[in-house]
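# Observations on chain architecture
One-letter residues, chain by chain:
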Amino acid sequence: MGVKRCWVEISGADRAELEHWLRAQSIPQALATRARVVLGSAAGESIRGLAARLGVTQTTVCLWRRRYRSAGLDGLRTKPRMGRPRRITSAKEQAVISATLRKPKAATHWSARRLAKQVGLSPATVHRIWQKYGLQPHRVETFKFSCDPQFDAKLADIVGLYLDPPERALVLCVDEKSQIQALNRTQPALPMWPGLPVRMTHDYVRHGTTSLFADYGTHKHPAVKQWLAAHPRFHLHFTPTSASWLNLVERWFGLITAQAIRRGSFDSVARLEQAITRFLANWNENAKPFRWTKSAHQIKRSIRNAALIYGT
């Protein structure tokens with residue numbers, strides 16, 4: 001069965017407003033999801049692909065596409081419901097959001113209990129407001145913007161190879177995963193149990209490192225340069241500096257790390273390499289290709305939006 005694609009046409013004004021919603025710090029998470037549904041649909045994403053990317057059902061995607069077609073931006077907003085009046089006003093919600101976004105005096109971030117005491121609400125109410133607006137003060141993620149002066153050209157080059165490779169061309173993604181540590185936990189892991197996750201000791205003993213090579217800077221070796229010069233059918237394409245996420249093999253490295261290395265306990269490099277070899281053999285029995293979906297234009301727009309949000 002084919003993947004159903006159904007475009008949604010949006011005006012320039014509506015696109016600007018939807019992107020403004022996504023940049024706003026105080027937008028409810030539900031409204032942000034609806035904006036992403038419409039923008040993704042306008043970009044040609046399939047219903048199934050949108051649902052998977054946004055973590056919602058295909059029914060939800062169809063609902064908000066239909067609402068937008070019939071009522072525009074107004075159709076995306078939540079309509080007031082009958083029932084008991086709200087006990088927490090919008091002004092109070094905004095006060096909680098503003099306080100959450102400001103760093104507390106003696107800590108790096110707010111807890112629900114500490115902020116509740118500060119604003120005069122219950123911890124449960126603060127937690128509900130955080131959930132509504134997608135605020136998670138306890139979480140932190142890493143990022144890095146590439147400063148490569150040729151970023152745009154390299155981005156278009158790499159993404160073009162994924163989405164529209166030359167006719168009869170074979171595209172290979174190569175990289176290395178170096179310095180994989182053979183870590184041996186000081187005690188055996190405790191198995192998963194209903195209501196309890198797998199538990200491992202925080203301390204470990206290092207037993208050396210190994211490396212998994214899909215390539216290791218060999219393109220700089222004189223012998224390799226000479227071979228490439230003699231075989232002009234082969235072309236090397238390089239990801240921008242600090243943008244290895246553009247290399248699809250990095251996604252595979254993430255899988256082997258999560259599924260075979262991170263939670264393992266290895267008392268020697270040999271044991272670590274055996275685990276890697278087993279994963280490789282199992283993967284190759286049922287290997288499936290990774291498929292790139294975003295265009296260079298969509299990626300640059302996401303980077304631009306992130307830069308506007310964080311003022312970088």
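Residues numbered from 1 in each chain as written. Predicted model: local features only at pLDDT ≥ 70, side-chain atom pairs only at ≥ 80, totals over all residues. Heavy atoms only, no water.

On to the overall build of the chain, then. Assigned secondary structure in the chain consists of 12 helices and two strands. Computed over the C-alpha atoms, the radius of gyration of the chain is 25 Å, more than 25% above the 20 Å expected from 2.2 N^0.38 for a compact globule of 312 residues. If you line up the chain on its principal axes, its C-alpha atoms span 75 × 55 × 45 Å. Buried residues in the chain amount to 29% of all 312 residues. In the chain, 67% of the contacts between residues at least 6 apart in sequence involve partners at least 24 apart. For the chain, the computed accessible surface area is about 21,800 Å², with 54% contributed by carbon and sulfur atoms. Taken together, the 49 basic and 21 acidic charged side chains of the chain have centroids lying 12 Å from each other. (Helix = DSSP H or I, 4+ residues; strand = E, 2+ residues; numbered from the N terminus. Rg over C-alpha atoms; globule rule 2.2 N^0.38 Å. Buried < 20%, exposed > 50% of the residue type's maximum accessible area, 1.4 Å probe, protein only. Contact = heavy atoms within 4.5 Å. Areas by Shrake-Rupley, 256 points an atom, 1.4 Å probe, with all protein chains shown as cover. Lys, Arg positive; Asp, Glu negative; His and termini not counted. Charge placed at Lys NZ, Arg CZ, Asp CG, Glu CD.)

Moving on, we get to the nonpolar core. One finds Ile-10, Leu-18, Trp-21, Val-38, Tyr-68 and Leu-76 to be the most contacted residues of the largest nonpolar core, which totals 21 residues. Among the secondary structure elements, those contributing two or more residues to this core are helix 1 (12-23), helix 2 (29-42), helix 3 (47-54) and helix 4 (58-71). Considering every element that reaches this core, the biggest residue donor is helix 2, with seven residues. Residues contacting Ile-10, with those up to four places away along its chain left out, are Arg-15, Leu-18, Val-38, Leu-39, Ala-42 and Tyr-68. (Core = buried A, V, L, I, M, F, W, Y, C linked by side-chain atoms within 4.5 Å.)

In this section: unusual backbone geometry. Residue Arg-168 is not a glycine yet carries a positive backbone phi of 65 degrees. For Arg-168, the position within the fold is in the loop between helix 8 (151-163) and strand 1 (176-185). The exposure class of Arg-168 is exposed, given its relative accessible area of 84%. Positive phi outside glycine occurs at Ser-242, with the angle close to 60 degrees. Tracing the backbone shows Ser-242 in the loop between helix 9 (222-230) and helix 10 (249-261).

Our focus in this paragraph is the packing of aromatic side chains. For the structure on display, the rule yields seven aromatic pairs. An aromatic cluster is present here, built from Trp-252, Phe-253, Phe-279, Trp-283 and Phe-290 joined pairwise through their rings. (Phe/Tyr/Trp six-rings, centres within 6.5 Å; stacked < 30°, edge-to-face > 60°.)

Inspection of the secondary structure puts Glu-9 in the segment before helix 1. With 59 residues separating them along the chain, Glu-9 and Tyr-68 place their C-alpha atoms 9.7 Å apart.

Now for the packing of helix 5 (residues 90-101) against helix 7 (residues 123-133). Axis separation between helix 5 and helix 7 bottoms out at 10 Å; the angle between their running directions is 80 degrees. Taken together, helix 5 and helix 7 sit at an angle that is classed as roughly perpendicular. Two secondary-structure elements touch here, helix 5 through Glu-93, Gln-94, Val-96, Ile-97 and Thr-100 and helix 7 through Val-126, Ile-129, Trp-130, Lys-132 and Tyr-133. Of the residues that constitute the contact of helix 5 with helix 7, the class distribution is six nonpolar, two polar and two charged. (Axes fitted to C-alpha atoms, helices over the stretch in contact; angles between N-to-C directions. Parallel < 35°, antiparallel > 145°, perpendicular 65-115°, else oblique. Nonpolar A, V, L, I, M, F, W, Y, C, P; charged D, E, K, R; others polar.)

In the predicted model, the chain carries a mean pLDDT of 87, and the fraction of residues at 70 or more is 93%. Per-element mean pLDDT across the chain ranges from 83 in helix 12 (residues 296-310) up to 94 in helix 11 (residues 269-285). (pLDDT = per-residue confidence, 0-100.)

On the surface, Leu-170, Leu-172 and Val-174 cluster together into a nonpolar patch covering about 340 Å² of accessible area. Within the secondary structure layout, Leu-172 lies in the loop between helix 8 and strand 1. (Patch = residues over 30% accessible without salt bridge, like charges linked within 9 Å, V, L, I, M, F, W, Y side chains within 5 Å. Salt bridge = Lys/Arg side-chain N within 4 Å of Asp/Glu carboxyl O.)

A word on the packing of helix 2 against helix 4. Following both chains from N to C, one finds helix 2 and helix 4 inclined at 80 degrees, their axes separated by 9 Å at the closest point. In terms of their interaxial angle, helix 2 and helix 4 are classed as roughly perpendicular. Facing Arg-34, Val-37, Val-38 and Ser-41 of helix 2, the residues of helix 4 in contact are Val-61, Trp-64, Arg-65 and Tyr-68.

Moving on to the environment of Ile-309. Checked against the element boundaries, Ile-309 lands in helix 12. Considering only alpha carbons, one finds Ile-309 and Gln-25, 284 residues apart in sequence, at a separation of 8.1 Å. Not counting residues within four places of it along the chain, the set of residues in contact with Ile-309 comprises Leu-22 and Arg-23.

Compared with an ideal rise of 1.5 Å per residue, which puts 12 residues at 16 Å, helix 1 spans 17 Å between its outermost C-alpha atoms and is within 8% of the ideal. For helix 1, the set of buried residues is Asp-14, Leu-18, Glu-19 and Trp-21. For helix 1, the buried positions fall inside an angular range of 150 degrees around the axis, keeping them on one side. For helix 1, the exposed residues set more than 90 degrees away from the buried face come down to Gly-12 and Ala-13. (Expected span 1.5 Å × (residues − 1). Arc of directions from axis to C-beta.)

Take the side chain of Ser-41 next. Note on placement: Ser-41 falls in helix 2. In this structure Ser-41 comes out as buried when scored by relative accessible area, which is 0%.

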